[in-house]
Amino acid sequence: MFLMANSLAHTKWVCKYHIVFTPKYRRKIIYKELRKDIQQIIKDLCKWKGVEIIEGHMMPDHVHILVSIPPKYSVSQFMGYLKGKSAMMIFERHANLKYKFGNRNFWATGYYVSTVGINTATIQKYIREQEKQDQIEDSLSKKEYVDPFKGSK
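The notes below deal with the structure included here.

The rules behind the values
The residue count restarts for each chain, going from 1 along the sequence in the order it is written. For a predicted model such as this one, the threshold for reporting local features is a pLDDT of at least 70, and the threshold for listing and counting side-chain atom pairs is 80 or more; totals across whole chains, interfaces and linings nevertheless cover every residue. Heavy atoms throughout the structure, all of them, feed into the side-chain values; hydrogens and water do not. Under the DSSP-based scheme used, a helix requires at least four consecutive residues in state H or I and a strand at least two consecutive residues in state E, with every element numbered from the N terminus. Under the scheme applied here, a residue whose accessible area is under 20% of the maximum for its type counts as buried, over 50% as exposed, and between as partly exposed, the area being computed with a 1.4 Å probe on protein chains only. Note: two strands are recorded as paired if DSSP finds a minimum of 2 bridges between them. Orientation is described by lines fitted to C-alpha atoms, with helices fitted over the stretch in contact, and by angles between N-to-C directions that extend from 0 to 180 degrees. Stacked, edge-to-face and tilted labels apply to pairs of Phe, Tyr and Trp rings (six-membered ring for Trp) whose centres lie within 6.5 Å, assigned for plane angles under 30 degrees, over 60, and everything in between, in that order. When the NZ atom of lysine or the CZ atom of arginine is within 6 Å of a ring's centre and also within 35 degrees of its normal, the charge is said to sit over that ring.

### Digging into the environment of G102
Here is step 1: Looking at the element boundaries, G102 is found in the loop between α3 (97–101) and β6 (112–116).
Here is step 2: Owing to a relative accessible area of 25%, G102 belongs among the partly exposed residues under this scheme.
Here is step 3: Along the primary structure G102 and F91 are separated by 11 residues, whereas in three dimensions their C-alpha atoms are 9.8 Å apart.

Right under this line is the structure:
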């Protein structure tokens, strides 16, 4: 098995992470113009740090990204940078959001991260099909509920 390794001056590395993070209070706010702006902001911030976005998808209430982070940065350093700078940039472009979120906290505290080994393709497929899967699950859970207190006559 041969993995394509990136390189720095004296280092060869393969450091891929699946990261999921959400807006504060998991508000369903990532759509339309805001969605496009957040995508561009994340792309720019990653590019400036030398982080490669392998796959990414935005849901109304969370963001999935599969990234390759150089070993000179820890995941927590990178996420602090990404969430902090992106929040400032989002509020610059969409000043009306300050009233909903206040104190420049667009993102919820914390994030989910998982290392990605040889199963990169599996994670990419999962991220790509996330929205489709959520729609399927939503349609399956829309059943009519019977009031247990009325009973049947």
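### Digging into the sheet that holds strand β3 (residues 16–21)
Here is step 1: Spatially, β4-β5-β3-β6 is the arrangement adopted by the four strands of the open sheet, whose pairing is antiparallel. Strands at the two margins of the open sheet, each flanked by one partner only, are β4 (52–59) and β6. Sheet twist, expressed as the mean angle between neighbouring strand axes with direction ignored, is 15 degrees.
Here is step 2: Sheet topology note: the β4/strand β5 (residues 62–68) ladder contains seven bridges and is antiparallel.

### Side note on the packing of aromatic side chains
Here is step 1: For the coordinates displayed, the defined rule picks out three aromatic pairs.
Here is step 2: Ring geometry for F21 versus W107: centroids 4.8 Å apart, planes at 75 degrees, classification edge-to-face. With F21 in strand β3 and W107 in the loop between α3 and β6, this residue pair connects regions lying 86 residues apart in the sequence. The two residues F21 and W107 agree in class, both being buried.
Here is step 3: For the pair F91 and F106, a centre-to-centre distance of 6.2 Å together with 80 degrees between the ring planes defines the contact as edge-to-face. Residue F91 is located in helix α2 (residues 75–93), and its partner F106 is located in the loop between α3 and β6; the two are separated by 15 residues in the primary sequence.
Here is step 4: Each residue in the set F21, F91, F106 and W107 is aromatic and connected to the rest through ring pairs, giving one cluster.
Here is step 5: For the cation-ring pair, K49 lies above Y81, with the distance from its terminal atom to the ring centre recorded as 4.6 Å.

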